[in-house]
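A look at the structure
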Amino acid sequence: MSLVTLRVNGETKSLNIDTRTTLLDALREGLAMKGSKKGCDHGQCGACTVLLEGRRIYACLTLAVMHDGQEITTIEGLARGEEQHPMQAAFLKHDGFQCGYCTPGQICSSIGMLAEARMGMPSHVTADLMAANAALSDDEIRERMSGNLCRCSAYPNIVAAIRDVSRAAA
Ligand code: FES
Ligand code: FES
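The following paragraphs examine the structure supplied in this document.

Cut-offs applied
- Residues numbered from 1 in each chain as written.
- Chains lettered and ligands numbered in written order.
- Predicted model: local features only at pLDDT ≥ 70, side-chain atom pairs only at ≥ 80, totals over all residues.
- Heavy atoms only, no water.
- Core = buried A, V, L, I, M, F, W, Y, C linked by side-chain atoms within 4.5 Å.
- Buried < 20%, exposed > 50% of the residue type's maximum accessible area, 1.4 Å probe, protein only.
- Helix = DSSP H or I, 4+ residues; strand = E, 2+ residues; numbered from the N terminus.
- Contact = heavy atoms within 4.5 Å.
- Salt bridge = Lys/Arg side-chain N within 4 Å of Asp/Glu carboxyl O.
- Axes fitted to C-alpha atoms, helices over the stretch in contact; angles between N-to-C directions.
- Parallel < 35°, antiparallel > 145°, perpendicular 65-115°, else oblique.
- Left-handed = near helix turned anticlockwise from the far one by under 90°.
- Nonpolar A, V, L, I, M, F, W, Y, C, P; charged D, E, K, R; others polar.
- Pairing = 2+ DSSP bridges.

In this structure, Met87, Phe91, Ile107, Met113, Leu114, Ile141 and Ile162 are the most contacted members of the largest nonpolar core, which totals 23 residues. Contributing elements (two or more residues each) for this core: α2 (86-93), α3 (103-118) and α5 (155-169). Residue contributions to this core peak at 6 residues, all from α3. Apart from residues no more than four positions distant in its own chain, Met113 is found in contact with Arg56, Leu136, Ile141, Arg144, Met145 and Ile162.

Here is the structure:
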């Protein structure tokens, strides 16, 4: 067992946990924050995606003890009071979900993905490395979000939502 302190959505949370506990289980079982979903528990679906120090990460593939003192943002921490995060609003506007199980991961991942693009990180389909900061094409969005699966196949609407936010920020 080990005492771990996480900064989750701006609040300090301490947990006495088995050192083998994944970050996802620490959030869901230890802190009763069920917004981050367990789809595969194997790093294959992206349902568990959270932001760690602003970077997206699969919470099922990392141990909570590795992140002592670090800042974690989950789907529960994106809104500002009653005001939705722009990505949450875009998913609603474009109906970017059906069952909604993948949606917390899709939204956290897309926020992290746009931050990566803003930093100039290229993707597998980036043709012009100098244009990596521009509004993303649909191909770029699809490629960069390929780690987040949607069993309901809401992909066209997910891409539309992310496209909106990407263009608004460009
Ligand atoms: S639950 Fe983590 S990638 Fe599927
Ligand atoms: S909305 Fe059902 S899995 Fe994506």
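Here the focus is the pattern of salt bridges. One pass over the structure, following the stated rule, counts 11 salt bridges. Residues Asp18 and Arg20 are paired through a salt bridge, measuring 2.6 Å at the closest nitrogen-oxygen approach. Residue class for Asp18 comes out partly exposed when judged on its relative accessible area of 25%. A salt bridge links Arg163 to Asp138, with the shortest nitrogen-to-oxygen separation between them at 2.8 Å. Of this pair, Arg163 sits in helix α5 while Asp138 sits in helix α4 (residues 138-144); the two residues are 25 residues apart in sequence, bridging distant segments of the chain. Residue classification places Arg163 among the partly exposed residues on the basis of a relative accessible area of 22%. Residue class for Asp138 comes out partly exposed when judged on its relative accessible area of 22%. Residues participating in the shared-partner salt-bridge network are Asp25, Lys38 and Asp41.

Before going further, it helps to examine the packing of α2 against α3. The geometry of α2 relative to α3 is characterised by a closest axis approach of 10 Å and an angle of 125° between their N-to-C directions. In terms of axis orientation, α2 runs oblique to α3. Judged by the twist between their axes, the crossing of α2 over α3 is right-handed. The segment α2 lies against α3, with Met87, Gln88 and Phe91 engaging Thr103, Gln106, Ile107, Ser110, Ile111 and Leu114. Tallied by class, the residues present in the contact of α2 with α3 amount to 5 nonpolar, 4 polar and no charged.

One ladder, built from 7 bridges, connects strand β1 (residues 2-8) with strand β2 (residues 11-17); its direction is antiparallel. Directly across from Ser2, in β2, lies its bridge partner Ile17. Hairpin connection from β1 to β2: 2 residues lie between these consecutive antiparallel strands, with Asn9 at a positive phi of about 50°.

Let's shift gears to unusual backbone geometry. Non-glycine residue Asn9 carries a positive phi angle of around 50°. You can see Asn9 is positioned in the loop between β1 and β2. Positive phi, normally seen in glycine, also occurs at Asp41, with a value near 65°. For Asp41, the location among the structural elements is in the loop between α1 (23-30) and β3 (49-52). Its relative accessible area of 31% is what places Asp41 among the partly exposed residues.

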